[in-house]
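Examination of the molecular architecture
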Amino acid sequence: MSRIGRKVIEVPAGVEVEIRPGRVAVKGPRGALEQSFSPDIEVHQDGTTLTVTRPTDRPDHRALHGLVRTLVSNMVEGVSKGYERRLEIQGVGYRANARGADVEFALGYSHPILYRAPEGVEFEVPTPTAVVVKGIDKQKVGQVSAVIRSIRPPEPYKGKGVRYSGEQISLKEGKKK
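Our subject in this report is the structure included herewith. In this text the structure is predicted, and so the values were computed from the model without any measurement. (Residues numbered from 1 in each chain as written. Predicted model: local features only at pLDDT ≥ 70, side-chain atom pairs only at ≥ 80, totals over all residues. Heavy atoms only, no water.)

Moving on, we get to the overall build of the protein chain. If you tally the helices and strands in the protein chain, you get two helices and 13 strands. Its C-alpha radius of gyration of 21 Å places the protein chain more than 25% over the 16 Å reference for a compact globule of 177 residues. When the backbone C-alpha atoms are referred to their principal axes, the protein chain occupies close to 70 × 40 × 20 Å. Across the 177 residues that make up the protein chain, the buried fraction comes to 36%. Considering only intrachain contacts with a sequence separation of at least 6, the fraction spanning at least 24 residues in the protein chain is 51%. Accessible area of the protein chain: about 10,700 Å², with a carbon and sulfur share of 49%. If the 29 positive side-chain charges of the protein chain are averaged to one point and the 21 negative ones to another, these points end up 9 Å apart. (Helix = DSSP H or I, 4+ residues; strand = E, 2+ residues; numbered from the N terminus. Rg over C-alpha atoms; globule rule 2.2 N^0.38 Å. Buried < 20%, exposed > 50% of the residue type's maximum accessible area, 1.4 Å probe, protein only. Contact = heavy atoms within 4.5 Å. Areas by Shrake-Rupley, 256 points an atom, 1.4 Å probe, with all protein chains shown as cover. Lys, Arg positive; Asp, Glu negative; His and termini not counted. Charge placed at Lys NZ, Arg CZ, Asp CG, Glu CD.)

Here the focus is the nonpolar core. Across soluble globular proteins, nonpolar side chains have a tendency to be buried as a group. Grouped together as the largest cluster of nonpolar side chains are 20 residues, with contacts concentrated most on I89, F105, F123, V133 and I148. Tallying contributions element by element places helix α2 (residues 138-151) first for this core, with four residues. Discounting chain neighbours no more than four positions away, the residues touching F105 are I89, R95, A96, P112, I113, Y115, V131, I148 and I151. Ranked by size, the runner-up nonpolar core spans 18 residues in total, among them V17, V24, L33 and V43. (Core = buried A, V, L, I, M, F, W, Y, C linked by side-chain atoms within 4.5 Å.)

End to end, α2 covers 21 Å across 14 residues, agreeing with the expected 20 Å (1.5 Å per residue, within 8%). Taken residue by residue, α2 has V141, V144, S145, I148 and I151 as its buried positions. The arc that holds the buried residues of α2, viewed along the axis, is 110°, so those residues lie on one side. At its buried positions, α2 is contacted by β7 (83-90), β9 (102-106), β10 (113-115), β11 (121-127), β12 (130-135) and β13 (161-164). For α2, the N-terminal cap is D137; the gap from its side-chain oxygen to the backbone nitrogen of Q139 is 3.2 Å. (Expected span 1.5 Å × (residues − 1). Arc of directions from axis to C-beta. Polar contact = N/O pair within 3.5 Å; in protein donor to acceptor, adjacent residues only side chain to side chain.)

So, about helix α1 (residues 59-80). Across its 22 residues, α1 extends 32 Å between first and last C-alpha, which sits within 8% of the 32 Å expected from 1.5 Å per residue. Regarding α1, the residues found buried are H61, H65, G66, V68, V72, S73, N74, M75, V76, G78 and V79. Just beyond α1, the residue with positive phi is G82, at close to 90°.

Tallied over the entire structure, the rule returns twelve salt bridges. For R86, the salt bridge goes to E84, with nearest N and O atoms at 3.1 Å. Here E84 falls in the partly exposed class, since its relative accessible area comes to 41%. One network of salt bridges, with partners in common, ties together E18, R20, R23 and E34. (Salt bridge = Lys/Arg side-chain N within 4 Å of Asp/Glu carboxyl O.)

Under the counting rule described, the total for this entry stands at one aromatic pair. Taking 5.9 Å as the distance between ring centres and 75° as the angle between the ring planes, the aromatic pair formed by Y115 and F123 counts as edge-to-face. Here Y115 matches F123 in class, with each residue buried. (Phe/Tyr/Trp six-rings, centres within 6.5 Å; stacked < 30°, edge-to-face > 60°.)

One open sheet accounts for three strands, arranged β2-β3-β4; its pairing is antiparallel. Bordering the open sheet on either side are β2 (16-20) and β4 (31-36), each of which pairs with just one other strand. Taking each pair of neighbouring strands and ignoring which way they run, the sheet shows an average axis angle of 10°. Two elements, strand β3 (residues 23-28) and β4, share six bridges in a ladder whose sense is antiparallel. (Pairing = 2+ DSSP bridges. Axes fitted to C-alpha atoms, helices over the stretch in contact; angles between N-to-C directions.)

In structure tokens form, the structure reads like this:
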């Protein structure tokens, strides 16, 4: 069976990749990640280059090919550089405080909300109105950021709430007299 379609990933120095059928494990200076995928897609290592190939041009193989290539690339980048997502808090009295590895939010509710850091995710609170979510797993960092944002999403009239850094909120006009 001939393999068609190739996608190449460069592996930086200090990152080790272990390849088994249907599974890739990556170790680097920041940690280790492991991912399983369809056995139809093959990953090969040639020195500092990873090559992802697919068996046919069928739509399902083409989709899996891109998915596996992106997942492996994200793993390599995560264990070498890491990922971070910045959140901004806007609103009078809205703030965040670091409580050890966790973050406590005051977001206009009758009680403070303590968000515990899941395994593999770190929080940094440089100012009371900014939170930085850091980790090596891109999916986990994005999911934790989305959950924190969902505690108090930006409201459409004044824009108060938790938003991603740089996120544009389109404000509604409000009532007219």
